Every structure is written in C-alpha cells, then in structure tokens.
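# Observations on chain architecture
As a plain string of letters, each chain reads:
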Amino acid sequence: MNFLLAFLLISSSALLILLIRYALNWLATSYKYQLFGKMISRVNTNEKAVALTYDDGPNSPYTDDLLDVLQEFDAKATFFAVGESIKSNPDVTRRLIAEGHELGNHSYSHKQLVNISLDTIRSEIQKTDDVISDLGFKANTHFRAPYGLKRIRLPWELAQRKKVSILWDVDPKDFENPGPETIADSIVQNVKPGSIVLMHDGMQDGDRNRSQTVAATKLALQQLQQEGYQFKTISELMALEA
Ligand SMILES: [Zn+2]
C-alpha cells in the first residue's frame, strides 16, 4: 500500500514537472502571449502597410547596401541592432537614423535571454540603450529578444521599462541563404496588411555575408510596391492599429 502511494506521488510529481517544462517552453516561443507587458507580431490594420525589420547588425558593408536599396524605393525599415555592433559601426547607425529608419534594441551581445539572471538581462538591455544614447539618439526603443526567446524575467524587465516586445509574422528564413528569389517569394506570398517581416543585415552565429538579403529586399520591394504596399517603421505601423 505504502509502495503504491509512493509510486503515485512520484509519478504525479514527474508529470507536474513535465507540464511546467512544457508550459515554460511554450511561453518562450509563443508569438501570441507573454506574461507581462506588450508584445506584437503584427498590427491589425486594413492599410496596405508592412514593416521590414533587420536583425543582428549593423554589419558593414551590407547595412549600407541595404540602406541604398531602401532609399531607392523610399521605403522605411527598422533595425534591431546588437549593442556591440552599434559600437563598432557608429557611422552606419547614424546614417540609418538620419534617413528616417528606426533603431531597435536587440540586446548587447545576442545571448539567449532565458535561463539567465535578471541582472544579466538588465545589463544586456541597458548597455545597448547606453550605446544608443551615447550616439545622441533616443534610447527608449522597442526590443526584440535574441532568437525571439522570452519566458518570465525578460517580459517582466521589458514591462518595467515600458518597452514593447516586437516579434514577426513573416519569416522568409534569409539566414539559410536559399537565394534572393526564394527569400523574396516567401515575403511576397506571406505578407498581408500590418505584417512584420523578419530579416537579417548581420548574423551572430552564421554567415555574415548578407548580400542575399540585400538582393531579396530589392526584389520584394519591387513586387510589393506594385501591389500598392507601403513600407513603414515599427512605430509608424503601430500607429495604424485599428
Ligand atoms: Zn538576432
């Protein structure tokens, strides 16, 4: 009898641990829900407007190449930049802001911000804000979690700082370098009014040559502009929320 009781207790606590682990993993990668603060992966609007976003830069010369393409189409974008890279590429950072694009915070060193202390999370956010304000720009920017991962501590800290957590609803997987046409087709087929597109002008754990992303951006801009789309920064897109 005692043996049976012990067996039941052990198996039910093992089940509970499994359930908690499942819930935490779901929270880490959910695009629809987080425990604290505001998170968006798209904006509800009927206007044909999208936000192109570029992560992990700035990264010379690809960020400059991208800015040339965006300028050609009079398109605005948002760059979720890594603090370390802003520090080593201040000129292109100044250029992107001067040309009307938006700068977002993508942590300082692109660590996963799950299973990590609150102190580390704070310093990863704060150091990037400091680099941005050292350049003379507004530091209270939107935030995108490295790898899109968040559980409890990161959303909590972002909520304290009134930072919105920005995810995406269109992921053309440009980091796999499948060719500019494949990347552009994936964008054109999946975009709808209010979409947020994830791309990379830098690459923390992979190929830093982002020429496919630059070429794909040009192709996608050509096609989507013909369909009547406008290209806005994240803040401009959020202002269209119906
Ligand atoms: Zn990233």
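These numbers come from a predicted model, not from an experiment. (Residues numbered from 1 in each chain as written. Predicted model: local features only at pLDDT ≥ 70, side-chain atom pairs only at ≥ 80, totals over all residues.)

All right, on to the packing of helix α7 (residues 180-190) against helix α8 (residues 211-226) then. Viewed as axis vectors pointing N to C, α7 and α8 meet at an angle of 40 degrees, and their least axial separation amounts to 8 Å. With respect to α8, the element α7 is oriented oblique. For α7 against α8, the interelement crossing comes out right-handed. When α7 is examined against α8, the residues Pro-180, Glu-181, Ile-183, Ala-184, Ile-187 and Val-188 are found in contact with a partner set consisting of Gln-212, Thr-213, Ala-215, Ala-216, Leu-219, Ala-220, Gln-223 and Leu-224. Residue classes in the contact of α7 with α8 are distributed as 10 nonpolar, 3 polar and 1 charged. (Axes fitted to C-alpha atoms, helices over the stretch in contact; angles between N-to-C directions. Helix = DSSP H or I, 4+ residues; strand = E, 2+ residues; numbered from the N terminus. Parallel < 35°, antiparallel > 145°, perpendicular 65-115°, else oblique. Left-handed = near helix turned anticlockwise from the far one by under 90°. Contact = placed C-beta atoms within 7 Å. Nonpolar A, V, L, I, M, F, W, Y, C, P; charged D, E, K, R; others polar.)

A few words now on the nonpolar core. In terms of nonpolar packing, the biggest core is built from 54 residues, with Leu-52 and Val-197 touching the most fellow members. Setting aside residues up to four positions removed in sequence, Val-197 forms contacts with Val-50, Ala-51, Leu-52, Thr-53, Trp-168, Val-170, Ile-187 and Val-191. (Core = buried A, V, L, I, M, F, W, Y, C linked by C-beta atoms within 7 Å. Buried ≥ 20, exposed ≤ 12 C-beta atoms within 10 Å, placed from the backbone.)

All right, on to α7 then. For α7, every residue scored as buried is listed here: Ile-183, Ala-184 and Ile-187. The buried residues of α7 occupy an angular sector of 95 degrees when the element is viewed end-on, so they sit on one face. For α7, exposure combined with an orientation more than 90 degrees from the buried face picks out Glu-181 and Gln-189. If you follow the buried residues of α7, they end up packed against β6 (196-200) and α8. (Arc of directions from axis to C-beta.)

Distances and angles like these do not, on their own, reveal function.
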